[in-house]
Structure formats: structure tokens, C-alpha cells
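Summary of the model geometry
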2 protein chains.
Amino acid sequence: MEYQEAKEKFINTWGSLGSLWGINKAMAQIQALLFISPKALSMEDIMEELQISRGNTSMNLRQLMDWGIVSKELVPGERKEFFTTQKDVQELARIVAKERSRREIQPVVKVLQEVSSIKDDGTEKTKELIKQTQALHELTESADAMLNTLVNQKQNWITKSLVKLLK
Amino acid sequence: MEYQEAKEKFINTWGSLGSLWGINKAMAQIQALLFISPKALSMEDIMEELQISRGNTSMNLRQLMDWGIVSKELVPGERKEFFTTQKDVQELARIVAKERSRREIQPVVKVLQEVSSIKDDGTEKTKELIKQTQALHELTESADAMLNTLVNQKQNWITKSLVKLLK
DNA sequence: TTAAACTTTCAAAAATTATTGAAAGTTTAA
DNA sequence: TTAAACTTTCAATAATTTTTGAAAGTTTAA
């Protein structure tokens, strides 16, 4: 497999993975492109490479910046803006995990908390609702806490233990 | 908040969470409904409760069965089929994690493996592609292995330690 | 200033994905 | 058998999401 083919394969796979996870294709592809590019790219570069429109590029770059995984870079002597993505995969994982927790997990935890706190009127269906949402609430909270713990420190003892275990 | 409101809130939240994660709304809602229902429900029950068509219900129930989180239940004396979902949240998490790993993570790992193995032609861009996809490959594999480890045994020492740590 | 270089916005169009409902298929009781 | 009870399939339609492209907005060099 040659460079060009490998590059396209990576960008496409990353793109469809993105859409599977609720991130749109263009956004995931832009990030993938920047991720393997040795130097910062301009909007023109990205449009050309991925064959997408200016508007699309602009909007998705903005979203990537909102997520905190892409940033603008000033190139001396150049008028236009250049973009780079976070290149360290660990740091990238940390940011993505944190953002997903904030955007997606937290609101659900809140609803589960509310729903599982309704007053027990003694009926079987109410009992079941409370029991099941409570269990889900506990699970979601532990999973989220676990994610944050694993993700918030570079090399804590848990990670070390896990890494050892997995060898 | 009364039972009916809590129920609707839970089903809706679960439904939109689903679509955010690449699972369609009806599928997530059906699972949510079964999850808080004290007894198995028929297709009629589900259609009525969620206000969706017969075809939609049938197709999504099938998908949930493919995932292994919903099963048919035979009710003596009844002609139609009844459905239940896995009620144990731990077991549910285990199944979902396993399926997502199989369906989504594995194929990506394979592509990363292939792409990061192209021959190094000495150019900067090829070096960057190899380096970055290799790093991503390693990260993805450890994350997947970690997920499987955490999920495949009910109460191993890691889980115990984590639970202790999070208290 | 001004005008060229560049970016953002957003309504319309295109693409994708989900849903419907009725016909076809299957199972079971009699 | 057969016909009623039930489920599945799938082409058509609806809903949602993404993308486009041109106009409006912004920045900077001169």
C-alpha cells in the first residue's frame, strides 16, 4: 500500500467511525487529515484535499475548535489562517473523554437522578421504574467517574496496573 | 414528578442519548420501555406506548435481539410474542461493550494496523502518517483491551480497586 | 480611507436515515 | 386442510442531517 492509498483509507475510516459516534463525517475527516499532516493546513488545503465546500470546512473547523482539539496557528508572512490538531493521542483521548462526559453523560446522569427520586406510590410499575433507573444511575456515575479518573492523570497507579495486566 | 412524567422523561432521554451514539431513537426507546416494565410486553403494547408503527417496532425489536439485549418470552396461553430486556445493568453494560468492540472498534484497529504498516519511503509526510497511526493503533488497542477486561468479569480485583478508589 | 484577501453565515438543496403501512409470509387452533 | 392471528418485509414517504455556495462580514496592507 502506497502513501496516498494509506492516507485516504485512514481518513475515510476515521470519517465513518465519526458518523457512527455522532460526530459528522466532515468534522472527523478534517481532524484525521490534520492529525497525519506534518504541517499546519489552511482552509484551502483542507477543502482541496477532502473535496468539501468552504462553508462546510469553516463550520466544522469551528466545531473542532469548540471541542478544543484543533487550534489556529499563525504563519509569519501569511495572511490566511492555518490549523493544527492536538498530536498527542493521550492528550486527544483526554480531551474527547472530558468533553463527551460533559456534553452527553452529565445530562443523562441528571435525568436519571430526577427520575429515580420520584415518590414511591407502592405500585409495581413505580417500584420497577425507581429500581431500574437507580441502578442505571449508579452504573453511569461509576463509569463516568472511572473514565475521568483514567483520563485525568497521565500515569497513575491504576493505569500502570492495567498496563501491566494487559501485557 | 409523577410516574407517567418520570417514565416519559426516562424514555425520551434514553432515546435521544441513543441517537447521539449511533443507535436509532426507536430502538433506544423500546429498550428503555422494556427496561422499566415489570412484565414482558407484546408488540401491540410497545406500538401503543411509544406511538410507532408495527413495521418500525418489528425491525427494531429484531435489532435489539441481534444485539443480544432483548429476548422473546413465551406467555402460556397467549398466541402473540412478548419481549423483555436484560434487566441487570452490569450484564447490559457487558453486552453493549462487547458488541461495540466487535462491531466498531475491531474494524478500526484493523485499518490502523494496515495503514501504519506501509513502507517508509523516507518522506516527512509518510513518517508522520506512520507515527500517528501507530500511536492511535496502540491507544485503540489498549482502550479496547481495557474495556474488555473491565467488562468480562463480574468482580475482578481491578473493579474492586476502582470501586474502592471512587468512594 | 479603500480594496483585496480572507472567513463566516445561512437559506436552499442534496444526501442520508428513519418510519410507515399494506402486502406477503408464517404459525397455530380447530 | 383452512382461516384467523400474528410477524416480517420492503417500497414509498417523511424527517433529519449535512453540504453547498454566494452574500455578508472582517481584517489587513498600502
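An account of the accompanying structure is given in this report. (Residues numbered from 1 in each chain as written. Chains lettered and ligands numbered in written order. Predicted model: local features only at pLDDT ≥ 70, side-chain atom pairs only at ≥ 80, totals over all residues. Heavy atoms only, no water.)

Quick word on the nonpolar core
To keep things clear, this is the line we draw: Nonpolar cores were defined as sets of buried Ala, Val, Leu, Ile, Met, Phe, Trp, Tyr and Cys residues, with membership established by side-chain atoms within 4.5 Å. Burial status follows relative accessibility: with a 1.4 Å probe on protein chains alone, a residue under 20% of its type maximum counts as buried, one over 50% as exposed, and anything between as partly exposed. In this text, helices come from DSSP runs of H or I with a minimum length of four residues, and strands from runs of E with a minimum of two, each type numbered from the N-terminal end. Whether two residues touch is decided by their heavy atoms; if any such pair falls within 4.5 Å, the residues are in contact.
Among the nonpolar cores identified, the biggest contains 36 residues, and A:Phe10, A:Ile30 and A:Ile46 are the most heavily contacted of them. When residues in this core are grouped by element, the largest group, eight residues, is from helix 2 (residues 25-36) of chain A. Excluding residues within four positions of it along the chain, A:Ile30 makes contact with A:Ile46, A:Leu50, A:Ile52, A:Thr57, A:Asn60, A:Leu61 and A:Leu64. Membership of the second largest hydrophobic core comes to 35 residues, among which are B:Ile30, B:Leu34, B:Ile52 and B:Leu61.

Topic: the packing of helix 2 of chain A against helix 3 (residues 43-50) of chain A
Residues and elements named next belong to chain A. Quick reminder of the rule: Axes here refer to lines fitted to C-alpha atoms; in helices the fit is confined to the stretch in contact. Angles between the N-to-C directions go from 0 to 180 degrees. Note on terminology: angles under 35 degrees are roughly parallel, angles over 145 are roughly antiparallel, angles of 65 to 115 are roughly perpendicular, and the others are oblique. Classification convention: Asp, Glu, Lys, Arg as charged; Ala, Val, Leu, Ile, Met, Phe, Trp, Tyr, Cys, Pro as nonpolar; all other residues, Gly among them, as polar.
With their axes 11 Å apart at the nearest point, helix 2 and helix 3 run at an angle of 110° to one another. Compared by their axis directions, helix 2 and helix 3 come out roughly perpendicular. Of helix 3, the residues touching helix 2 (which contributes Gln29, Ile30, Leu33 and Leu34) are Ile46, Glu49 and Leu50. Grouping the constituent residues of the contact of helix 2 with helix 3 by class yields five nonpolar, one polar and one charged.

Describing the interface of chain A and chain B
Rules: Salt bridge, as used here, is a side-chain nitrogen of Lys or Arg placed within 4 Å of a carboxyl oxygen of Asp or Glu. Polar contact criterion, stated in full: a pair of N or O atoms within 3.5 Å, where within protein one must be able to donate a hydrogen and the other to accept it, and residues adjacent in sequence count only if both atoms are side-chain atoms.
Opposite the 50 residues of chain A that make contact, chain B presents 50 residues. Where chain A packs against chain B, one counts six salt bridges. Where B:Glu114 meets A:Lys9, a salt bridge forms, and the shortest distance between an N and an O atom there is 2.5 Å. For the pair chain A and chain B, the number of links is twelve residue pairs in polar contact (both at pLDDT 80 or more). Of all the elements in the fold, those that place two or more residues in the side of chain A that touches chain B are helix 1 (3-20), helix 2, helix 5 (89-115), helix 6 (124-152) and helix 7 (157-166) of chain A.

Re helix 4 (residues 54-67) of chain A
Residues and elements named next belong to chain A. Under the convention used in this document: Helix span, expected: 1.5 Å multiplied by one less than the number of residues in the helix. Here the arc refers to the set of directions running from the helix axis out to each C-beta atom.
With 14 residues, helix 4 ought to run about 20 Å at 1.5 Å a step, and its terminal C-alpha atoms sit 20 Å apart, in line with that. Three or more residues of helix 4 are buried, namely Thr57, Asn60, Leu61, Leu64 and Trp67. Along helix 4, the residues classed as buried sweep out an arc of 115° about the axis, all on the same side. Projecting away from the buried face of helix 4 at angles above 90 degrees are the exposed residues Met59, Arg62 and Asp66. Lining the buried residues of helix 4 we find helix 2, helix 3, strand 2 (70-73), strand 3 (82-85) and helix 5.

Structural notes on unusual backbone geometry
Phi at A:Gln51 is positive, roughly 55°, even though this residue is not glycine. With respect to the helices and strands, the residue A:Gln51 is situated in the loop between helix 3 and helix 4.

Notes on the packing of aromatic side chains
Put simply, the test is: Any pair of Phe, Tyr and Trp rings, taking the six-membered ring for Trp, is counted once the centres come within 6.5 Å. Such a pair is stacked with planes under 30 degrees apart, edge-to-face with planes over 60 apart, and tilted for the rest.
As enumerated under the stated definition, the model contains three aromatic pairs over all chains in all. For the ring pair A:Phe10 and A:Trp14, a centre distance of 5.8 Å and an interplane angle of 25° mean the geometry is stacked. Taken together, the positions of A:Phe10 and A:Trp14, both in helix 1 and four residues apart, correspond to about one turn of that helix. Judged by its relative accessible area of 1%, A:Phe10 falls in the buried class. The interplanar angle of 50° and the centroid separation of 5.3 Å between the aromatic rings of A:Trp21 and B:Trp21 together place this pair among those described as tilted. Of this pair, A:Trp21 sits in the loop between helix 1 and helix 2 while B:Trp21 sits in the loop between helix 1 (3-20) and helix 2 (25-36), on two different chains. A relative accessible area of 22% means that B:Trp21 is categorised as partly exposed.

Describing the protein's contact with DNA strand C
The criterion, for reference: Being near a molecule or strand, for a residue, means having at least one of its heavy atoms within 4 Å of it.
In the region of DNA strand C, 18 residues are neighbours, and A:Ser58, A:Arg62, A:Arg79, B:Ser53 and B:Asn56 sit closest. Atoms of DNA strand C within 4 Å of the protein: sugar and phosphate make up 63%, bases the balance. Contact distances for DNA strand C include 3.2 Å between a phosphate oxygen and a backbone N or O atom of A:Glu81. The side chain of B:Arg79 places a nitrogen or oxygen atom 3.3 Å from a base oxygen of DNA strand C.

A few points about the packing of helix 2 of chain B against helix 4 (residues 54-67) of chain B
All names here are of chain B. Between helix 2 and helix 4, the shortest axis-to-axis distance is 9 Å and the interhelical angle comes to 75°. Between helix 2 and helix 4, the angle falls in the class roughly perpendicular. For the pair formed by helix 2 and helix 4, the contact residues are Ala26, Met27, Ile30, Gln31 and Leu34 on the first element and Asn56, Thr57, Asn60, Leu61, Gln63, Leu64 and Trp67 on the second. Tallied by class, the residues present in the contact of helix 2 with helix 4 amount to seven nonpolar, five polar and no charged.

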